Amino acid sequence: MPRHVWVLLGWSSELGAAVTPVGVLGLDPEKPESFVEWVPREYVAGRFWRERLAGVDPAALGDRMAIWAETPIAPAERVEAAEGALGDVVRAQVDDLLGSAR
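*Asks:* Hey, could you go over the pattern of salt bridges for me, with residue numbers and the actual values?
*Replies:* When charged atoms on two side chains of opposite charge get close, those side chains can pair. For the structure shown, the criterion picks out four salt bridges. A salt bridge links R3 to D28; its shortest N-O distance comes to 4.0 Å. Of this pair, R3 sits in the segment before strand 1 (4-12) while D28 is found in strand 2 (residues 17-28), placing the two residues 25 residues apart along the sequence. Judged by its relative accessible area of 8%, D28 falls in the buried class. Between R91 and D88 there is a salt bridge, and its shortest N-O distance comes to 3.4 Å. Highlighted residues: R91 and D88, both in helix 3 (residues 86-100), separated by three residues, approximately one helical turn. Accessibility expressed as a relative area gives 48% for D88, which makes it partly exposed.

Cut-off values and rules
- Residues numbered from 1 in each chain as written.
- Predicted model: local features only at pLDDT ≥ 70, side-chain atom pairs only at ≥ 80, totals over all residues.
- Heavy atoms only, no water.
- Salt bridge = Lys/Arg side-chain N within 4 Å of Asp/Glu carboxyl O.
- Helix = DSSP H or I, 4+ residues; strand = E, 2+ residues; numbered from the N terminus.
- Buried < 20%, exposed > 50% of the residue type's maximum accessible area, 1.4 Å probe, protein only.

As structure tokens, this is what we get:
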């Protein structure tokens, strides 16, 4: 199974939808290894994802993400995983999100 990277979305009460990027999760099921980087200043919107991910074993995370990504309150969008160390890939995706918000 290849590496997966998701943009985690949180609820925006202003817009009435889960459209606020709150973090990026990377998962390499072959190792198994996971890495998450949170978007600054989105702590409240990211609370749901923080609770979901707390203590979940990386080996089980892939199966759970398949379900969680489709939930209406806190979904996730899968993005193309780049080459490199998992942490670097996740951090680069957060940087892209922050750069596109300008």
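That was the structure; now back to the text.
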